[in-house]
Amino acid sequence: MTDQTARLFEELVELNYQLYNSLFLTLPLDAVEQTGTLLPLLTEACEDGLQKGHDPVAILTEFFNQHRAHFTEKEQIQFLFKIIQYVERQVVLIDALEDAAYSRIHQIDNKSSLIRLTERAADEGRTDKLGQVLQNFGVRVVLTAHPTQFYPGQVLAIISDLTDAISGARIGEMRDLLQQLGNTPFFQKQKPTPYDEAVLLTWYLGNIFYPAIGDLVDPLAERFPEQVNSNSELVSIGFWPGGDRDGNPFVTTDTTLKVAARLRYTILQCYHHDLRHIKRRLTFAGVYDLLDRLEKRIHEELVEKDHRQPITLENIFSVLDEAEELITTKYQSMFVDQLQSFRRKVSLFGLHFASIDIRQDSRIIKRTLDSVLANQPEILPADFSQLTEQEQISALLTCSGIADSSVSDDPVVRDTIESMSVIGRIQQRNGERGAHRYIISNCRGPVDVARVIALLRLCGWGDNAISVDIVPLFETVSDLQGAGDSMISLYQNKYYQAHISQRRRRQTVMLGFSDGTKDGGYLMANWAIYSAKETITSVSRDAGVEVIFFDGRGGPPARGGGDAYLFYAAHGIKIESNQIQLTVQGQTISSHYGIKAAATNNLGQLMTAGLENNLIDRADRELDDLQRNLIRDLAERSYARYEAFKQHDLFMPYLEEMSVLKYYAMANIGSRPSKRGGDGALKFEDLRAIPFVGAWSQLKQNVPGFYGLGSALKAQEDLGQLDACVSLYQHSRFFRALIANSMQSMSKTNFELTRYMESDQRFGEFWQDIYQEYSLSREMALKVSGQTELLEDNPRSRLSIRLRERVVMPLLMIQQYALIRIRESREEDDPQRLSLYEKMVVRTLFGNINAARNSA
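Before going into details, it helps to say that this report is about the structure given with it. The structure displayed is predicted, hence computed values, not measured ones.

How each quantity is defined
Here, residues in each chain are numbered from 1, in the same order as that chain's written sequence. Given that the model is predicted, a residue must reach a pLDDT of at least 70 before its local features are reported, and side-chain atom pairs must reach 80 or more before they are shown or counted; all residues, however, enter totals for whole chains, interfaces and linings. Values reported for side chains reflect all heavy atoms of the structure, with hydrogen atoms and water molecules removed beforehand. Salt bridges are defined by distance alone: a side-chain nitrogen of Lys or Arg within 4 Å of a carboxyl oxygen of Asp or Glu. Every helix listed is a DSSP run of H or I at least four residues long, and every strand listed is a run of E at least two residues long, numbered separately from the N terminus. Three exposure classes are used, based on accessible area relative to the maximum for each residue type with a 1.4 Å probe and protein chains only: buried under 20%, partly exposed in between, and exposed over 50%. Only a pair of cysteine sulfur atoms within 2.5 Å counts as a disulfide in this structure description. Only C-alpha atoms enter the line fits that serve as axes; for helices the fit covers just the stretch in contact. Angles between N-to-C directions range over 0 to 180 degrees. Here is the rule for angles: anything less than 35 degrees is roughly parallel, anything more than 145 is roughly antiparallel, 65 through 115 is roughly perpendicular, and the remaining ranges are oblique. We call a crossing left-handed when the near helix sits turned anticlockwise from the far one by less than a right angle, and right-handed when that turn is clockwise. In this analysis, two residues are considered to be in contact whenever any of their non-hydrogen atoms come within 4.5 Å of each other. By this definition, two strands are paired if DSSP reports at least two bridges between them. Three classes are used: nonpolar for Ala, Val, Leu, Ile, Met, Phe, Trp, Tyr, Cys and Pro, charged for Asp, Glu, Lys and Arg, and polar for all others, with Gly counted as polar. Here a polar contact is taken to be a pair of N or O atoms separated by no more than 3.5 Å, where protein atoms must pair a possible hydrogen donor with a possible acceptor and residues adjacent in sequence count only if both atoms sit in side chains. Side-chain rings of Phe, Tyr and Trp (the six-membered ring for Trp) are treated as a pair once their centres are within 6.5 Å; stacked means planes under 30 degrees apart, edge-to-face means over 60, and tilted covers the remaining angles. For a lysine, the NZ atom is tested; for an arginine, the CZ atom; a charge sits over a ring if that atom is within 6 Å of the ring centre and within 35 degrees of the ring normal.

Let's talk about the pattern of salt bridges
- For the structure on display, the rule yields 56 salt bridges.
- The salt bridge involving D215 is made with K596; its shortest N-O contact spans 2.8 Å. One end of the pair, D215, is in helix α10 (residues 194-223); the other, K596, is in helix α27 (residues 596-615), and 381 residues separate them in sequence.
- Among the residues examined, D215 registers a relative accessible area of 39% and is labelled partly exposed.

Written as structure tokens, this is what we have:
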């Protein structure tokens, strides 16, 4: 299978890339002939220079001396900008080629993983059990607003069209699209607003997720009609743009309401389009008129001509039920499957399409409540600070009064107050699923949860049932380790128990991979989250509560990314798996869900992993005491190594001075600031995970994806425990997934690019420490896995990474060259030169990020 995958990739992607890339040379683009001719020579010069140990300045200087000796520095800079633009478009071509070949490379046949699961269940006599699981099972992917998407909307549209042209081998159309691409800007001169981000993602909702989820669910409904049709949460979408306020002061209640309206408008557009298509078949007397009136009613709301009450789900279901009754009784059920498929989509997407999550930092929530109390101290007991934790929780959960945003001049505090009531307004218009969760970032304990309920009570909900799920987000290692005790404190409180009872005895808990890895390193973060899930599952089951884990996963393994199926399939019976929920963000949205085939496959894999977890005996996935102790020891040793590294005096200076960390904010890719805490000095705790991980990625060092792993495994080898580690890899899905994902991180490193730093007077030893840990991690990962090269068992990923890394080599070299020139310009106090090279660094970010597909 691996040989066949490698052959397909080489045939469909690598060879076609060489063929279609030559089309660029024939395009009438500005300076493309010069750039296209010299680019292969530049790539070769970069590779040869690095092999000889030359630094970026020496490599590019020699290149210009050989090929353009007459260039002035200004002309050299202009040429390098042209190279950047050219390579950006080469990356787009690779993306389109991989998308066009997706089904064949991933060897997707006519049977999805879900259908194969149903057939296996039938063979093993588990069909009834699978039906029972389907009644309450659900997968939710949550699209976030985090700024890792470097393709503007117009470029994404070109990629989509280019993929279709490649699939159809329409060379003339491809040439036109490549020319269009060459004349389309990649760089955004202004930061997008939160609403802009939402609009971009609604394209994926309407064009990808809507049809993909329908295609995924329909075959399942044929086998389990009652269970699938009655489960409106089987597959759902969450949405953070316009709702996520954490660290983004540009998100306001007006933004949230505007996004909610856009989501309603988008789903109604989908329904209108489907009804027009369905009417072409359901032309029967009585049926056609029903559907025609419904279509026109929706159209009137879309064009804002309907002055009646907005259409409701009850209106839609009433028409569909009546139409289905007529078809089955009068017209031999002809084409009824099309109507039933549409009805399932209405059930899944409602009038909200995607559920907006409201998120804010616990410190902001506390500050907001303190502002309210400063004006109305009688809301809480005078001795509140002296009360026990349980007494404080009870006081907060039973407080009464009215909070108004006028209590503060702070716009963030005012918005936090207003956001509490905006949830109810969205629910009235889009239904409860339109906005029903409040996520508490940096949650330190149960009092943080109680504060949110207190604010909801004070902001209009009062003693009424609060139709909002309060979701603590545990991120740091210490908070993850204390998460079980935090949930026990909440479950023991009778007032919180009353709230849980109103929420179907369900409690959602979010776990943050990104900040967890930033805080504790790769191995410890993953082990702390795994352990927290086991502990929270245990205390929740004891309390009669079904816990739902919401995983804050980013793109790369360092932020919880990697193979999602492997991750969820590794969960043992001690981890609740009735629901799978995870964030999907930025470039991962376009790479995993950018085409319908990919979206259907990836959603199906998530559903398959979760259903398998509930269908089969997972006892063989459980860690025994020896395995558990071994992983714990590895995590603690890794954590100690990472913590010492993180506390090094040069840790932050290295990132600030030698990487692109500060330039993420200049890239205008997202509305959210790149760090918490305003414009003061950069502190580690204020550093956002995306620029943190992204900076290491751009350096091609990928520290958060492996650091500490090698030292931990080497310590076990020195203790004579290497065989135990090998056995752990062979028998534990969880540990195997950890090693595989870390291998993916290491496969995207290139320390030769920054080897010149080894001789740097200030940072030389620091660079050597990183390189030594990488070398050790690579060596030990290969030993434990029994592989001879990284990702030996995953040729698709290995070959894709190899192709992409070679294409962006000139960008990486230009970026390091520009960073060196920036340091020179600062020393020479040359602001004009400094500005040019800073722009160059920013421009290199785009192609490097897009080529990696999951680097931030």
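Some details on the state of the cysteines
- Tallying each qualifying case throughout the model produces zero disulfides.
- Lacking any disulfide linkage, C399 is separated from the closest cysteine sulfur, that of C459, by 9.6 Å.
- Residue classification places C399 among the buried residues on the basis of a relative accessible area of 4%.

Things to note about unusual backbone geometry
- One non-glycine residue, Q332, adopts positive backbone phi at about 55°.
- Along the chain, Q332 turns up in the loop between α14 (313-330) and α15 (336-349).
- Of the residues examined, Q332 reaches a relative accessible area of 67% and is grouped as exposed.
- Phi is positive for L791, which is not a glycine, with a value near 60°.
- Along the chain, the position of L791 falls in the loop between α34 (764-785) and α35 (795-807).
- The buried category is assigned to L791, whose relative accessible area is 5%.

As for the packing of α10 against helix α12 (residues 253-279)
- Contact pair α10 / α12: the axes reach a minimum separation of 10 Å and the direction vectors enclose 25°. Taken together, the axes of α10 and α12 are roughly parallel relative to one another. When you trace α10 past α12, the crossing you get is right-handed. Contacts between α10 and α12 pair P194, Y195, A198, V199, T202, L205, G206 and Y210 from the former with T255, K258, V259, R262, L263, T266, I267, C270, Y271 and D274 from the latter.

What about the sheet that holds strand β6 (residues 506-512)?
- Pairing in this closed barrel of eight strands is parallel, and the strands run β1-β2-β3-β4-β5-β6-β7-β8 around the ring. The mean angle between the axes of side-by-side strands here comes to 25°, regardless of whether they run parallel or antiparallel.
- For strand β2 (residues 235-239) and strand β3 (residues 355-361), the ladder comprises two bridges, and the chain directions are parallel. The partner of F239 across the bridge, within β3, is I356.

A few points about the packing of helix α6 (residues 113-123) against α27
- Contact geometry for α6 and α27: axes closest at 8 Å, N-to-C directions at 25°. Overall, the two elements α6 and α27 adopt an arrangement that is roughly parallel. Residues S113, L114, L117, R120 and A121 of α6 form the contact with α27, whose own contacting residues are G604, Q605, M607, T608, L611, E612 and L615.
- Its residues assigned to classes, the contact of α6 with α27 shows six nonpolar, four polar and two charged.

Observations regarding the environment of C459
- As for its position among the elements, C459 is in helix α19 (residues 446-461).
- Considered as a pair, C459 and D479 are 20 residues apart in the sequence and their alpha carbons are 28 Å apart.
- Ignoring sequence-local partners within four residues, the contact set of C459 consists of A403, I417, M420 and S421.

Considering the pairing of strand β4 (residues 437-441)
- Burial within β4 is extensive, with five of its five residues counted as buried.
- Residues R437, I439 and S441 line one face of β4 and the alternating positions Y438 and I440 line the opposite face, and both faces are buried.
- Taken together, the five bridges between β3 and β4 define a ladder with parallel strand orientation. Across the sheet, the residue bridging to R359 is I439, located in β4.

Regarding the environment of D479
- One can find D479 in helix α20 (residues 477-481).
- It is 9.4 Å that separates the C-alpha atoms of D479 and G516, two residues lying 37 residues apart in sequence.
- Setting aside residues no more than four positions away along its own chain, D479 makes contact with N442, C443, R444 and F474.
- A polar side-chain atom of D479 sits 3.0 Å from a polar atom in the side chain of T476.

Describing the packing of aromatic side chains
- Enumeration over the complete set of coordinates arrives at 35 aromatic pairs.
- Aromatic side chains W767 and Y771 sit 5.3 Å apart centroid to centroid with 15° between the ring planes, which places their arrangement in the stacked category. Separated by four residues within a single helix, W767 and Y771 lie in helix α34, roughly one turn from each other.
- You can call W767 buried: its relative accessible area is 0%.
- For Y771, a relative accessible area of 25% translates into the label partly exposed.
- Three or more aromatic residues joined by ring pairs make a cluster, and in this case those are Y642, F645, F651, Y654, F692, W696, Y707, F763 and F766.
- Taking the ring centre of Y195 as reference, the NZ or CZ of K258 above it sits at 4.2 Å.
- The ring of F550 has R437 lying over it, and the distance from NZ or CZ to the ring centre is 4.6 Å.

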